[in-house]
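Notes for the structure review
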Amino acid sequence: MIADRLRERIRQTGPLSIAAFMTEALFDPKDGYYATKDPIGAGADFITAPEISQMFGELMGLWAAQSWMDMGRPAPFQLVELGPGRGTMMADALRAARTVPGFMDAAQVVLIEASAALKAVQAQTLGPTGAQIRWVDRLEAVPAGPAIVLGNEFLDCLPVRQAIRRGDAWHERMVGLDEDENFIFMLGPPLGVDTDLVPESLRDAPEDSLVELRPGDLQLVETLAARFADQPGRALFVDYGPARCETGDTLQAVKAHKKVPVLDAPGTADLTARVDFESLLTAARAGGLTAYGPEEQGAFLAGLGLEARAAALLQASPDSRQSLARQVWRLTDPDQMGRLFKLVCLDAPGLPEPPGFTAR
């Protein structure tokens, strides 16, 4: 059991960072959440935009096809998805993108997936597309060459650290044990040199403020910057969070579409935290990438032609009016996914402005 191993680790070495706790709970190869579950869908722990409507993945596919043309139609190129879920978005994307001559012949599909259970589902979902699929465990393992990288609700699953302002220092928030061996949050040592991870705009926040640190985002940006320095490339991320850096605890655990206590039963619930888009874009630009966004999902999808696609599907299936209207509403309404979910694009220098993004 993950909980037993985490308790023993704390007894032996002391309190753990929240990132260490999340890593074990989510990615343990035997008992971790992603190793043991197919968590996506209406009857599972959460539902994502590609599961809500085929239109989402289709528009992602057309976006990728236009990006491929912007890159000069390289052949071959790597079409990469980070955390591809059930494979639904990629299947819908390929169906739409195959209408662009040459795209499918040039595309080499690479899925980056930690879950053996989801790999099996992805293989079944993508089998009918006829695409040759390769699975790797990290972005650095993707074959060299031009690449288009997609990530829907990937960043929010990357382990986070937390820090609390006490006096003139930021102290790491840790996971320890109480006298009954229950997991508890506790205050750890000062961050020291890692204070640089605190967004500059928040470093003078008031006493007891909490900030979330996202070292995984920085590592991803560094990997993309190194890759795109040598070969043309473009990465698109869709996730939830504020446009500007904010203080506050956004770490949550979700099980069967309901929030549950974060530290209870590690490995049985999904753990996520809101994305810090401002820090992500700042790091990307500092690393030499051209960065766009964040764009709110509702406006982005509308700009790509969501309404026109819905109208075409309605014409083909007149009885689907109510269902299509609900799908558009869920994807774009400000009180649903339209405002909270946002998109950012990270480009190799010199590419044209990506579809769906306004000039910055």
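Our subject is the structure that appears above.
Quick summary incoming for the structure in this document. Here the structure is a predicted model, which means the values were calculated and not measured. (Residues numbered from 1 in each chain as written. Predicted model: local features only at pLDDT ≥ 70, side-chain atom pairs only at ≥ 80, totals over all residues. Heavy atoms only, no water.)

**Quick notes on empty space enclosed by the protein**
- Per the stated rule, a full pass over the model turns up one cavity of 30 Å³ or more.
- Here the largest cavity defines a volume of roughly 40 Å³.
- Lining of the largest cavity is provided by Met 60, Gly 61, Ala 64, Leu 79, Met 90, Ala 93, Leu 94, Ala 97, Phe 103 and Leu 150.
- Within the residue set of the lining of the largest cavity, elements represented by two or more residues are helix H5 (54-70) and helix H6 (88-97).
- Class assignment for the residues of the lining of the largest cavity results in nine nonpolar, one polar and no charged. (1 Å grid on protein atoms, 1.4 Å probe; cavity = no way out; pocket = protein on both sides within 12 Å on 5 of 7 lines; lining within 4 Å. Points joined across faces, edges and corners; volume = space filled by probe spheres on them. Helix = DSSP H or I, 4+ residues; strand = E, 2+ residues; numbered from the N terminus. Nonpolar A, V, L, I, M, F, W, Y, C, P; charged D, E, K, R; others polar.)

**Notes on the environment of Pro 242**
- Following the sequence through the fold, Pro 242 ends up in the loop between strand E10 (233-240) and strand E11 (252-255).
- Owing to a relative accessible area of 17%, Pro 242 belongs among the buried residues under this scheme.
- On a C-alpha basis, the gap between Pro 242 and Phe 277 in space is 6.8 Å, while along the polypeptide they are 35 residues apart. (Buried < 20%, exposed > 50% of the residue type's maximum accessible area, 1.4 Å probe, protein only.)

**What about the pattern of salt bridges?**
- Taken as a whole, this structure holds 17 salt bridges when the rule is applied.
- A salt bridge links Asp 4 to Arg 7; the shortest N-O distance between them is 3.6 Å. Note that Asp 4 and Arg 7 are positioned in helix H1 (residues 2-13) at a spacing of three residues, about one turn of the helix.
- You can call Arg 7 buried: its relative accessible area is 19%.
- We note a salt bridge from Arg 11 to Glu 181, for which the minimum N-O separation is 2.5 Å. Pair noted here: Arg 11 is in helix H1 and Glu 181 is in the loop between strand E7 (169-177) and strand E8 (183-190), with a separation of 170 residues, a long-range link. (Salt bridge = Lys/Arg side-chain N within 4 Å of Asp/Glu carboxyl O.)

**What to know about the sheet that holds strand E4 (residues 133-136)**
- On the basis of which strands lie adjacent, the open sheet formed by seven strands has the order E4-E3-E2-E5-E10-E15-E14 and mixed pairing. Sheet topology places E4 and strand E14 (290-296) at the edges, where each strand pairs with a single neighbour. The average angle at which neighbouring strand axes cross in this sheet is 15°, direction not considered.
- Direction of pairing for strand E5 (residues 147-152) relative to E10: parallel, over a ladder of six bridges. Among the inter-strand pairings, Ile 148 is bridged to a residue of E10, identified as Arg 234.
- Contacts from helix H9 (residues 215-230) reach strand E2 (77-82), E5, E10 and strand E15 (341-347), with the element oriented near 160° to E10. (Pairing = 2+ DSSP bridges. Axes fitted to C-alpha atoms, helices over the stretch in contact; angles between N-to-C directions. Contact = heavy atoms within 4.5 Å.)

**Re the pairing of E11**
- The pairing of E11 with strand E13 (residues 270-272) spans three bridges and is antiparallel. Each bridged residue has a counterpart across the sheet, and for Gln 252 the counterpart in E13 is Thr 272.

**A closer look at unusual backbone geometry**
- The omega angle of the peptide bond from Ala 75 to Pro 76 is 0°, so this bond is cis rather than trans.
- With respect to the secondary-structure elements, Pro 76 resides in the loop between H5 and E2.
- For the bond running from Gly 293 to Pro 294, omega is 0°, close enough to zero to count as cis.
- Positionally, Pro 294 belongs in strand E14.
- Within the chain, Arg 73 stands out as a residue other than glycine whose phi angle is a positive 55°.
- With respect to the helices and strands, the residue Arg 73 is situated in the loop between H5 and E2.
- In this structure Arg 73 comes out as partly exposed when scored by relative accessible area, which is 43%.
- If you check the backbone angles, Glu 181 has positive phi at about 70° while not being a glycine.
- Note on Glu 181: relative accessible area 30%, which makes it partly exposed.

**Here we look at the nonpolar core**
- Residues Leu 79, Phe 103, Ile 148 and Leu 236 are the most contacted members of the largest nonpolar core, which totals 47 residues.
- Counting residues per element, this core draws most heavily on H5, which supplies eight residues.
- In this view, Ile 148 contacts Trp 63, Ala 64, Ser 67, Trp 68, Met 71, Phe 77, Gln 78, Leu 79, Val 80 and Arg 234; residues no more than four positions away in its chain are not counted.
- Core analysis: the next-biggest nonpolar cluster, separate from the first, contains 29 residues, Val 80, Val 221, Leu 280 and Leu 281 among them. (Core = buried A, V, L, I, M, F, W, Y, C linked by side-chain atoms within 4.5 Å.)

**Describing the pairing of E2**
- Among the six residues in E2, six count as buried, and that is most of the element.
- Neither face of E2 is left uncovered, since the one carrying Phe 77, Leu 79 and Glu 81 and the one carrying Gln 78, Val 80 and Leu 82 both have all their residues buried.
- As judged from the six bridges shared by E2 and strand E3 (residues 107-112), these two strands associate in the parallel manner. Residue pairing across strands places Val 80 opposite Val 110, the latter belonging to E3.

**A few points about the packing of aromatic side chains**
- Counted under the stated rule, the structure contains nine aromatic pairs.
- Ring centres of Tyr 33 and Tyr 34 lie 5.2 Å apart, and the angle between their planes is 75°; this geometry places the pair in the edge-to-face category. Taken as a pair, Tyr 33 and Tyr 34 share a single burial class, namely buried.
- Feature note: the residues Phe 27, Tyr 33 and Tyr 34 constitute an aromatic cluster, connected by ring pairs.
- We note Arg 173 situated over the ring of Phe 185; from NZ or CZ to the ring centre the distance is 3.8 Å. (Phe/Tyr/Trp six-rings, centres within 6.5 Å; stacked < 30°, edge-to-face > 60°. Lys NZ or Arg CZ within 6 Å of the ring centre and 35° of its normal.)

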